[in-house]
Structures are given as structure tokens and as C-alpha cells.
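# Close look at the chain arrangement
Below are the chains, spelled out letter by letter.
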Amino acid sequence: MAKPFLDTTSTIIEEREVLIISPVGDCKPILRTAHFLKPIISSIDEPDLPSYSVSLPLPPAFAPSFKVSFGAWRHHHKDWNKWVSCMHSIHHSAWEKAGICEAILSSTYEIPRYDNLIFGLAEYWCPNTNTFIFPWAEATITLEDVMFLGDYPVLGSPVSCSVQKIEWKKIEGKLMDTQKVVMSKAKKVCQYAWMRNFIQCGTEIEHEAFLSLWLSRFVFQNSAQTIRKNIFPIAINLARGIPVALAPAVLASIYRDLSRLKGIIISSKFKTGEDVNNESILHIPSPFQLVQLWAWERFQALQPNPNMIIRGDPRFSRWNKVRFSKVDDVGLALASAGESFVWRPYAKLLHNWRFPRFYNEKEEWLSTDLDLDRDLESFACCLRVSKLVGIGFIENYFPHRVAMQFGIDQDIPGHVEQCDETSEVGWTNYSRPIVDSKFYVPSRLFQSGVTSRYLKWWKQLVLGQQESNKVSVQRSSIQKRKRRDSVEEDKPGTCSKRKRFSKTKFSNAIKLSSQFQSSSSSFTEDTEMQTSMQRLKTDQQAAKIKKKARVPDVPPGFHPKYNVVKMENSHDQTDEEMLTTCHNCKTFGKRAFDNSDMLFGQSQSSSASFTHDKTARKMDSMPKFVENILHSEVAVGSSQRGMEETSKSKQGNLVYNKVSLTGNEGEDSSDTLEIPGLALEARIKRLEKEITILKAARFGNRFPYR
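Computed from a predicted structure; not experimentally measured.

Along the backbone of the chain there are 21 helices and 15 strands. Of all 706 residues assigned to the chain, the portion counted as buried reaches 49%. Long-range contacts, defined here as pairs at least 24 residues apart, represent 78% of the contacts in the chain between residues at least 6 apart.

It is worth spelling out the confidence of the model for the chain at this point. Summing up the model confidence of the chain, the mean pLDDT is 73 and the portion of residues at 70 or higher is 62%. Here residues 491-528 scores under 50 on pLDDT; set against residues more than four positions off or in separate chains, the count is 53 contacts. This model gives residues 549-676 a pLDDT under 50, and the stretch forms 217 contacts once residues within four places in sequence are excluded.

On to the pattern of salt bridges. Summed over the entire model, instances satisfying the criterion amount to 16 salt bridges. Linking Arg401 and Glu138 is a salt bridge whose minimum nitrogen-to-oxygen distance equals 2.7 Å. Taken together, the residues Arg401 in the loop between strand S10 (394-397) and helix H13 (423-430) and Glu138 in strand S6 (residues 138-139) connect sequence positions 263 residues apart. With a closest N to O distance of 2.8 Å, Arg444 and Glu361 form a salt bridge. You can see Arg444 sitting in the loop between strand S11 (438-441) and strand S12 (450-451) and its partner Glu361 sitting in the loop between helix H11 (330-335) and strand S8 (364-367), a full 83 residues away along the chain. Salt bridges here are not isolated pairs; linked through shared partners, they connect Glu14, Arg16, Asp411 and Arg453.

With that out of the way, let us pick up the environment of Pro112. Looking at where Pro112 falls in the secondary structure, it is placed in the loop between helix H2 (101-106) and helix H3 (115-123). What makes Pro112 partly exposed here is its relative accessible area of 22%. For the pair Pro112 and Arg323, spaced 211 residues apart in the sequence, the C-alpha separation amounts to 7.7 Å. Among residues more than four places away in sequence, those in contact with Pro112 are Trp73, Gln292, Trp296, Trp319, Lys321, Val322 and Phe324.

On to the pairing of strand S9 (residues 386-389). Note that S9 and S10 share four bridges and pair antiparallel. In the sheet register, Ser386 faces S10, and the bridge partner there is Tyr397.

A cis geometry characterises the amide bond from Lys38 onward to Pro39, with omega recorded as 10°. Relative to the helices and strands, Pro39 is located in the loop between strand S2 (30-37) and strand S3 (66-70). Not every positive phi belongs to a glycine, and Asn130 is a case in point at roughly 55°. Within the secondary structure, Asn130 is located in the loop between strand S4 (125-126) and strand S5 (131-133). Phi at Asp151 is positive, roughly 60°, even though this residue is not glycine. Position of Asp151 relative to the elements: it lies in the loop between helix H4 (143-149) and helix H5 (166-182).

Time to look at the sheet that holds S6. One open sheet holds the three strands; their spatial order is S4-S5-S6, and the pairing between them is antiparallel. The strands lining the two open edges of the sheet, one partner per strand, are S4 and S6. One ladder, built from two bridges, connects S4 with S5; its direction is antiparallel. Bridging from a neighbouring strand, Trp125 pairs with Phe132 of S5.

Let's shift gears to the pairing of strand S1 (residues 13-21). With eight bridges connecting them, S1 and S2 associate as antiparallel partners. Within S2, the residue paired with Glu15 across the bridge is His35. Two elements, S1 and S12, share two bridges in a ladder whose sense is antiparallel. Considered in S12, the bridge of Ile20 is made with Thr451.

This next bit is on the sheet that holds S2. Strand order across the open sheet formed by three strands is S2-S1-S12, with antiparallel pairing between neighbours. Among the strands making up the open sheet, the edge pair consists of S2 and S12.

Glancing now at the packing of aromatic side chains. One pass over the structure, following the stated rule, counts 42 aromatic pairs. Ring plane angle 70° and centroid distance 5.7 Å describe the contact between Phe134 and Phe299, whose orientation is recorded as edge-to-face. Here Phe299 lies in the loop between helix H10 (289-298) and H11 and Phe134 lies in the loop between S5 and S6, a separation of 165 residues in the sequence. Centroid distance Phe148 to Phe358: 6.0 Å. Interplanar angle 20°. Geometry classified as stacked. Pair noted here: Phe148 is in helix H4 and Phe358 is in the loop between H11 and S8, with a separation of 210 residues, a long-range link. Pairwise contacts between aromatic rings join Tyr124, Trp125, Phe132, Phe134, Trp136, Tyr255, Trp294, Phe299, Phe341 and Trp343 into one cluster. Positioned above the aromatic ring of Trp73 is the side chain of Arg113, whose terminal nitrogen or guanidinium carbon lies 5.8 Å from the ring centre. When the ring centre of Phe393 is taken as origin, the NZ or CZ atom of Arg256, which lies over that ring, is 4.4 Å away.

Glancing now at the nonpolar core. Among soluble globular proteins, nonpolar side chains are generally buried collectively. Of all hydrophobic cores here, the largest spans 146 residues; its most connected members are Trp214, Leu246, Leu261, Trp294 and Phe299. Ignoring any residue separated from it by four or fewer positions in sequence, one finds Leu246 in contact with Ile100, Tyr152, Pro153, Val159, Trp214, Leu215, Phe220, Ile234 and Leu238. Formed by five residues, the second largest nonpolar core is a distinct cluster that contains Val18, Ile20, Ala34 and Ile40.

The next thing to look at is the environment of Gly173. Mapped onto the fold, Gly173 is located in helix H5. A C-alpha to C-alpha distance of 9.4 Å links Gly173 and Phe232, two positions 59 residues apart in sequence.

Right, let's get into the packing of H5 against helix H6 (residues 191-198). The interhelical angle for the contact between H5 and H6, taken along N-to-C directions, is 115°, at an axis separation of 10 Å. Comparing the axis directions of H5 and H6 gives the class roughly perpendicular. Once H5 is placed against H6, the crossing between them reads as right-handed. Across from Leu175, Thr178, Gln179 and Val182 in H5, the residues of H6 making contact are Ala193, Trp194, Asn197 and Phe198. For the contact of H5 with H6, a count of residues per class yields five nonpolar, three polar and no charged.

Residues lying three or four places apart along an α-helix face the same way, a consequence of the helix completing one turn every 3.6 residues. Along H6, the residues classified as buried are Gln191, Ala193, Trp194, Met195 and Phe198. Backbone geometry just after H6 places Gln200 at a positive phi near 50°.

Further remarks concern the environment of Ile281. With respect to the element layout, Ile281 can be found in strand S7 (residues 280-284). Since its relative accessible area comes to 55%, Ile281 is described here as exposed. Measuring from C-alpha to C-alpha, the distance between Ile281 and Ser69 comes to 7.1 Å, with 212 residues separating the pair along the chain.

Okay, the packing of H6 against helix H7 (residues 206-219) next. Interaxial distance between H6 and H7 falls to 10 Å at its minimum, and their mutual angle equals 160°. Classed by the angle they form, the pair H6 and H7 counts as roughly antiparallel. In terms of crossing hand, the pair formed by H6 and H7 is left-handed. Contact with H6, carried on its side by Gln191, Tyr192, Trp194, Met195 and Phe198, involves Glu206, Ala209, Ser212, Leu213, Ser216 and Arg217 of H7 and no other residues of that element. Residue composition of the contact of H6 with H7, by class: six nonpolar, three polar and two charged.

Basis of the calculations
- Residues numbered from 1 in each chain as written.
- Predicted model: local features only at pLDDT ≥ 70, side-chain atom pairs only at ≥ 80, totals over all residues.
- Heavy atoms only, no water.
- Helix = DSSP H or I, 4+ residues; strand = E, 2+ residues; numbered from the N terminus.
- Buried < 20%, exposed > 50% of the residue type's maximum accessible area, 1.4 Å probe, protein only.
- Contact = heavy atoms within 4.5 Å.
- pLDDT = per-residue confidence, 0-100.
- Salt bridge = Lys/Arg side-chain N within 4 Å of Asp/Glu carboxyl O.
- Pairing = 2+ DSSP bridges.
- Phe/Tyr/Trp six-rings, centres within 6.5 Å; stacked < 30°, edge-to-face > 60°.
- Lys NZ or Arg CZ within 6 Å of the ring centre and 35° of its normal.
- Core = buried A, V, L, I, M, F, W, Y, C linked by side-chain atoms within 4.5 Å.
- Axes fitted to C-alpha atoms, helices over the stretch in contact; angles between N-to-C directions.
- Parallel < 35°, antiparallel > 145°, perpendicular 65-115°, else oblique.
- Left-handed = near helix turned anticlockwise from the far one by under 90°.
- Nonpolar A, V, L, I, M, F, W, Y, C, P; charged D, E, K, R; others polar.

Below, the structure is given as C-alpha cells:
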């Protein structure tokens, strides 16, 4: 058998005299007797928050690139409330005994969903500690919240319970038989079909069928929205007034789904490439209404005007169909709520709401020699570190990190060893008996505080998180900008926007031209230049041949489409040479013609984008002398030649409309460029003439003007 989850935390409360200060640090420390939840560390250097708790801030209007489906948070069917009213009049005594009466009544209310608040809270969630890491303190949803807001029982049998009596097994068998009758063609038991089959039917298993639907739809919802057979034992026990500990299982599901939501938020921020347009769907089966109600109860700036509680109604009814005002920046409201955060909302007076047994006017120590009543025993479970056993999974519960939510002072929380356990071992740990000889219950009016070393430790953590956030935000923005640019370049058939001419660009071109003329060039560079020109001639001739052989694909009277030239490897051309040739074509379109057109006052839109990453990287390493030649072309041209170029460019412009890795039948084979052949020939001739002039200027008259 696995080792128990906790070995050292045998007692819950530790009492000692120490300096206590306000959690916001706005007053001087006071020496008094304080109470703390165990475990507590002995050294300030021991604990640390995990790196995963570092959150990237959300923009004020966060538009997630994913969809969230809240399975247990939907509009109610009109027949459900009628069925609840009918069943309540018959079986309310059994519901009271099982501790689920108010929980079932809560299912008849509707809570309007505030998505930005849900996303904002998830942004601060830390899956390692199952707490919200706000800049001002640590807080979380506890068993006490689930017990008061959802009215789920904290004590009772585990959700993995089974039926033992023969009579109960027969009922379970009948429920399974009904599953087969209601089952659809897809082999699923739809919840609506289940309700239509049993609602007010008067059969002997209607009560168990009703509870099975309530558990499947509002407590343990699943993504398929079906009736599962592992719910039947729970329903059978509850129908007979046997309590089942639903609160720890519900809280475990909320912890799990908050961690899943936090994960998809982080992944959506780093989405790149094709994933940017792919919308993910996250299914949240847990009753996430409790997360929003938890925030409304504690964050006054986000709280709508609640309803008055009618006598006998659950606390859940305060928020039935309330209207809330949307906050411009939810993240900022959460981050700046340190002074206004309500640590103990259930300790306040509320009309027609009954205080539990452990919310007394004065603090007290209760002896555990006598059996504690159910309320006090439930409160004790809320205060101790344990495992929360859900249906098929286990989550950690660390109330010692948020002691002020229970009216207890906060010290630096101790580390708890975590290990993989089975549901049986986890439940044994959760349901272990209280070994404290005395149990401390704080006054509901008590204002708890933090130790001086805790405040120092927290400030160090917050400062470290702020630095980590800056680095994370910078890296995130840089990576997304780079990958967004690469995505735009990778889109076939797209053209980049043409840059407008500026005086700075013109002066840079003149500077490069003068540097080129004054510098000496080796014979190897001249040979390489001539080779590149020869390759361009070959490509131009291939374009002309292909244009003649190609059948026009447009009706008479319309302008023909650009020719498509396939850049393939020839027998006498290596891969490296081919890449250089392609790059030359790209450079002519993007640099030389951009600058020349701007110089002569023309407005063209020509650009090229290459899809293959390796090809693009190789093209970036173009010989410097070729770039200099291209820039010098702009500076050396005369005004007369500029006028000629103006008329030529009106006839045909070099436009790279599409560059893609396409081959026959959709296979990747070669780079395809769309270029008009005549315009390319004119450009090549002009470039040859300019090269001859530049050579003559550098080497004398060894190269006569043609």
C-alpha cells in the first residue's frame, strides 16, 4: 500500500506569540498570541512559488483564440424546475438528512456568466498549489466555499461508494436496463431523453432516476452530457438519506478545470503558424458557477447588486439572474484589490441566512474528547491539508496557504510532499480522525494578519514574479511578432506592401554607390557577377519559350495572366547556384526596381515572398557585391535613361505575384515564380549596360561601351 499523504501534520492549529502585521503592511507590527494552520516552515529561505505560477497579463479586452464549453453552466430546461418542485414535496426529508436539499434547489437558479472574470481569475491560477497568486496575497476556493455557495456536504461516504444490499442492487440493475432503452444510435444516454422517460412517471425508481440526472447534469457533468452508470450508487445512497461527501469531489473537479483553463490560456498566447487560426475547444464539466460566485462574494469592485434571500432559500439565490456591469480591465481590478478583498464573506450578517455553528461571536477552544457536531467536524476538514478525491482523479488541498480566509493568522506555508496515490489511500487521508486534543475556532469578527517574515517573504516573491513577467512578456511579444511575420511570408500568393520612397533611402543608395565605385573588386567577383547574369538570361529564355508554348487561359480582349517560370535544377547547375539565381531574381524585384521606380516618381507594387524556410535562409546570404551593384544602378542612371525606363515600365512591370512550393499533383517539387518575360529582358539589358559603365569607371576603357 502507498505511503500516507501526510506524516507530520497530525495537528491542525499551532499557537504562539509573535509579531503580527496587516497583510497590506499599512501599520506597525503588534506582538500578540497568534494561531496558524500547519504545516509552517522554520526558515524563510525554504519555500518558493513554482515557475508555472508566473502569469502573463491579459489585455483589457481579452479575445481568446479558443472556445470554452461550460457543461454544467447552461440554461435550464423548463421541465426541470417542475420536476424539482414535485420531488421536493415528496422527498425533502431524505434530502435534508443527506445534506443535499439546498444543493438541489440551487439547480433551479440561473447565474449569468461573466467570461472575462473567469478568464481573469484563471490567469492568476497556480496548478502546483491550487491557489490564485495575486500580487497582494494568495487565495483560493476552499471546501468552506463549496459548502456555503454550493451547499454540498463535506462529510459522508466517498463518491466511489457502492451498493451492498440486494434490494439496492436490484434498483441499480433497473437503472442500467433503462439506459439501454433510452440509449441513442450513438450508444449514448442523452440527459434530456432520460428526463422525458422518467419525469413524473410514478415508478419505483423515479427518485433514483431524478438524482442520477441531477448528479450527471449539475454536479459531475461530462463532455458527452450523458448519464453514466458510476453515478447510480451515489444516487441510490442519497435517495435513502445516506450522506455522500460531494464537496471534496466538486472542489477537485474545479481545481482540475482551472488548471486546464490556465494551460490553454498560456498555449493560446504562444500560438504561432497555422495554429493561430485553429480554434481550440475546452470542455469544462465542473460547476464553474462557484468560481464566479466566489469572486463576487470577495471582490467588491466586481460585485453586482445581489438579491435579497427569501427565508428557506440557499445563499446561491442571491445571484439569481443578477445584472452585472462589465469592468474595462478585469485583470487590473483583480491585481489592485488587496485592500478591499473580503477574506471572510460568510461571517457577515446577511438577512435570512443562518450562521453555521462555528461562526461565533467569541473565539473558543473545543475539546475533541466529546464528539464534535457535524458543522464543527466539517469546519475541521476545511482547515487541514489533505487529498481531494474526485471521480477518477485526485487533487491537492492546501488551506494552510490561505489561512486568513478562515479567520486564522498567516505564516509562511510549509512544503507538503506530494506523491501518487490511489483513490482509496487518498480518501483514507481525507477522512482521518481529528487527533487534536483541543480544536480552535476563531471569532467571526476577528481580523487576522500575517507575520513579519511572511510579509517579507511575499514581497520577495512578488518582486521576483514581476521581473519574470517582464522577461516573459518581452519574449512572448518578440516570438509572436517573428512568427507572425514568418506566417505572412509563408502564405502562398501574398505580396508584401511596397515601401514608400524616402530621402533617407535615396541618400543611402547614393552612399552605397560611391563606396562601390571607390572600392576595388577582385576578378573572382567579376566572374561571379557574369555567371549570375548568364543564369538570368537562361531563365528569361526559358520564360519566353514556355510563354509561346502555353495556351492562353483567358478570353479574347482580356489581359493575359503572368507567365509561370519553374526554377528547377539543370544538369550544369548546383543547388547552391540555383538558390543564388532565385535570390538575384528576388533582389531585382525588391531592391533595384523599388529604388529606381521611386527615383523616377513611379508607383509600383512589386515584392516577392518565399515559402521554404531553408531557401529563404540561404538567399539571405547573398554576395555583398551584387547588392552594391543593385544599389549603384539607382545612383548612376541618367535622367534620359530614366525617362526611357518610365515608358518601359508602363508596358510591363516585374511583379512577383506568387512563390510557392508546388509541383505536379500537389507535390512539393520546385519554386514557382510569376514574371513577365519582356519586362525581365529589358531589365537585364539595362543592368548589363550599367555594369559595363561601372567597370569602365573603375578599370578605364578596357570594357568599351556597347
